[in-house]
Amino acid sequence: MVVKVYGPIMAACPQRVMACLLEKDVEFEIVHVDLEAEEHKTSDFLLRQPFGQVPAIEDGDFKLFESRAIIRYYAAKYEERGPNLLGNSLEGRALVDQWLEVEAHNFNDLVYTLVLQLVVLPRMGKHGDVVLARSCEQKLEKVFDIYEQRLSNATYLAGDSFTLADLSHLPGIRYLVNDAGMGHLVAERKHVNAWWEAISNRSAWKKLMKLVNY
Amino acid sequence: MVVKVYGPAYASPKRVLVCFIEKEIEFETVPLDLLKGEHKDPEFLKLQPFGTVPVTEDGDYILFESRAIMRYYAEKYKSQGTDLLGKTIEERGQVENWLEVEAHSYNPPIYTLTLQILFSSKLGFPCDENLVKESEEKLAKVLDVYEEKLSKSKYLAGDFFSLADLSHLPFTQYLVGKMGKEYMIRSRKHVSAWWDDISSRPSWQKVLQLYPVPF
């Protein structure tokens, strides 16, 4: 039974899920959702995800939404397969959850807002708020300073191995570096830069990049 | 060795406190005065580099982010107290789903309302009425989704009380209490019943009694 992932392949949150499924070697198919045509606001889609957001998954009868819930589910379900994305102990798992929460609360909204203003709105022929983007950039500098400190003490965010905490950052940082002209945030920080090199060169992530056709 | 919880007077740490009481975990609290800026002290930033509460200190083991802390202790003490994570991987998946909903859809508008209505004057800035109006509208839409969901199951993740429901307690208490917006809950039949159910749990009543709101 193949997992269905609902959402456009270009969007960051579905990418978070797909990266995880690729790491765990879980077969999936992408069911495209046309955000520009507002397919995510149709009553059919709202039955699947009542907040009108992507992604959602359907695995036989089992349905889930929220990308960070989906990745936790599959990382636990397929614990024995592929890399261990949840840490090696309860304490290790808690550090994964801690840094996943950090990504969700301290990192994600800043990246989302910045990319919306500098990349997405202009692509739609609209004006982005450059002042707002600059404010996000300044706040992200402070967040990346904390990451730099953390990664000077550990190879990955939750410790010595790659986990969901690192994976969760992949789509957003790719947007920052490749599309929003914010590569300096990574390149100017020695440990963040080494970490980004390591995680973005993983074969699962590279497979996804090929699928998306970047 | 008893686990310490920093900042018990505030809402996010209360997620951890109510979780500990449900799981029958002994704890101590370490008060922190956010209005005095104690969360930005260099000593505290060594524990939590983002300068927010809660933090837990369990011997040498330090954790931050309330939802990460709850998940850890709920799993570690799975066999005692209330089961807060569901019985199967799929049930846990639903708990995670609705915990994420709380974190991403419910918490941002209710946090903004809390900051603007309850804390702005104490922190020395004027309450932004437009932001309040916007946040209330956003929260109303989320509560409409909850109303629909809770018409189909007793709790958010299914027919069992879980971390997903528990996570809503502290800020919703502000909403129905000092913020004077109880009507947002009461005007929705299933949300209202759910709120009565979860807020009357002895664990939450104990938290309210032991750690009253700081003003």
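Please refer to the structure placed before this passage.
Residues numbered from 1 in each chain as written. Chains lettered and ligands numbered in written order. Predicted model: local features only at pLDDT ≥ 70, side-chain atom pairs only at ≥ 80, totals over all residues. Heavy atoms only, no water.

Caption draft 1: Here's a closer look at a negative patch on the surface. Negative charge collects at one region of the surface, where Asp34, Glu36, Glu39 and Asp44 of chain A lie side by side. You can see Asp44 of chain A is positioned in helix 2 (residues 43-48). (Patch = residues over 30% accessible without salt bridge, like charges linked within 9 Å, V, L, I, M, F, W, Y side chains within 5 Å. Areas by Shrake-Rupley, 256 points an atom, 1.4 Å probe, with all protein chains shown as cover. Salt bridge = Lys/Arg side-chain N within 4 Å of Asp/Glu carboxyl O. Lys, Arg positive; Asp, Glu negative; His and termini not counted. Charge placed at Lys NZ, Arg CZ, Asp CG, Glu CD. Helix = DSSP H or I, 4+ residues; strand = E, 2+ residues; numbered from the N terminus.)

Caption draft 2: Inspection of the environment of Asp60 of chain B at higher detail. Residue and element names in this part refer to chain B. Checked against the element boundaries, Asp60 lands in the loop between strand 3 (55-58) and strand 4 (61-64). On the accessibility criterion, Asp60 (80% relative accessible area) is exposed. Through-space distance from the C-alpha of Asp60 to that of Arg15 is 22 Å; in sequence the pair is 45 residues apart. (Buried < 20%, exposed > 50% of the residue type's maximum accessible area, 1.4 Å probe, protein only.)

Caption draft 3: Representation of the interface of chain B and chain A. Chain B puts 29 residues into the contact, and the matching count from chain A is 30 residues. Together, the buried faces of chain B and chain A total about 2,600 Å²; carbon and sulfur atoms form 66% of this surface. On the chain B side of the contact with chain A, Phe50, Glu100 and His104 of chain B bury the most area, a combined 21% of that side's loss. At the junction of chain B and chain A, the tally comes to 5 salt bridges. With its nearest N and O atoms 2.9 Å apart, the salt bridge here joins Glu100 of chain B to Arg72 of chain A. (Contact = heavy atoms within 4.5 Å. Buried area = accessible area lost by both parts, 1.4 Å probe.)

Caption draft 4: Spatial organisation of the nonpolar core. Counting residues in hydrophobic clusters, the biggest one holds 140 residues, and the most contacted among them are Phe144 and Tyr147 of chain A together with Tyr146 of chain B. If one sorts the elements of this core by residue count, helix 4 (residues 90-123) of chain A sits on top with 11 residues. (Core = buried A, V, L, I, M, F, W, Y, C linked by side-chain atoms within 4.5 Å.)

Caption draft 5: Layout of the sheet that holds strand 2 (residues 28-31) of chain A. All names here are of chain A. The strand order 2-1-3-4 describes an open sheet built from 4 strands, whose pairing is mixed. Each having just a single partner strand, strand 2 and strand 4 (62-65) make up the two edges of the open sheet. Strand-to-strand twist of the sheet, defined as the mean angle between neighbouring strand axes without regard to direction, takes the value 20°. Relative to strand 2, strand 1 (residues 3-6) is paired through 4 bridges, and the arrangement is parallel. Counted as the bridge partner of Tyr6 is Val31 from strand 2. Where helix 3 (residues 67-77) meets the sheet, its contacts fall on strand 1, strand 3 (56-59) and strand 4, and the angle it forms with strand 4 comes to roughly 135°. (Pairing = 2+ DSSP bridges. Axes fitted to C-alpha atoms, helices over the stretch in contact; angles between N-to-C directions.)

Caption draft 6: Focus on helix 5 (residues 130-151) of chain A. All names here are of chain A. Counted at 1.5 Å a residue, the expected span for helix 5 with its 22 residues is 32 Å, and the 30 Å between its end C-alpha atoms agrees. Those residues of helix 5 that fall on the buried side of the exposure criterion are Ala133, Cys136, Glu137, Leu140, Val143, Phe144, Ile146, Tyr147, Glu148 and Leu151. Those residues of helix 5 that are buried are in contact with helix 4, helix 7 (170-179), helix 8 (184-187) and helix 9 (190-200). (Expected span 1.5 Å × (residues − 1).)

Caption draft 7: Main features of the pattern of salt bridges. For the coordinates displayed, the defined rule picks out 35 salt bridges over all chains. Between Glu96 of chain B and Arg72 of chain A there is a salt bridge; the shortest N-O distance is 3.8 Å. Here the residue Glu96 of chain B occupies a position in helix 4 (residues 89-123), and Arg72 of chain A occupies one in helix 3, the pair thus bridging two chains. Judged by its relative accessible area of 2%, Glu96 of chain B falls in the buried class. For Arg72 of chain A, a relative accessible area of 2% translates into the label buried. The partner of Arg186 of chain B in a salt bridge is Glu182 of chain B, with the nearest N and O atoms 3.0 Å apart. The partly exposed category is assigned to Glu182 of chain B, whose relative accessible area is 33%. What emerges from the salt-bridge pattern is a single network uniting Arg72, Arg93, Asp97 and Glu101 of chain A together with Arg15, Arg67, Arg71, Glu75, Arg92, Glu96, Glu100 and Glu102 of chain B.

Caption draft 8: Broad picture of the layout of surface pockets. Of the volumes computed, that of the second largest pocket is approximately 420 Å³. Taken together, 23 residues form the lining of the second largest pocket, with Ala76, Leu86 and Arg93 of chain A together with Glu75 and Arg92 of chain B sitting closest to its centre. Of all the secondary-structure elements, those providing two or more residues to the lining of the second largest pocket are helix 3 and helix 4 of chain A together with helix 3 (66-76) and helix 4 of chain B. Counted by class, the lining of the second largest pocket contains 8 nonpolar, 5 polar and 10 charged residues. (1 Å grid on protein atoms, 1.4 Å probe; cavity = no way out; pocket = protein on both sides within 12 Å on 5 of 7 lines; lining within 4 Å. Points joined across faces, edges and corners; volume = space filled by probe spheres on them. Nonpolar A, V, L, I, M, F, W, Y, C, P; charged D, E, K, R; others polar.)

Caption draft 9: Quick look at the side chain of Ser66 of chain B. Mapped onto the fold, Ser66 of chain B is located in helix 3. Among the residues examined, Ser66 of chain B registers a relative accessible area of 4% and is labelled buried.

Caption draft 10: Expanded view of the pairing of strand 1 of chain A. Residues and elements named next belong to chain A. As for the winding sense of the linkage, the β-α-β connection from strand 1 through helix 1 (residues 12-23) to strand 2 is right-handed. Direction of pairing for strand 1 relative to strand 3: antiparallel, over a ladder of 3 bridges. Among the inter-strand pairings, Val5 is bridged to a residue of strand 3, identified as Ile57. (Right-handed = clockwise from strand over helix to strand, strands pointing away.)

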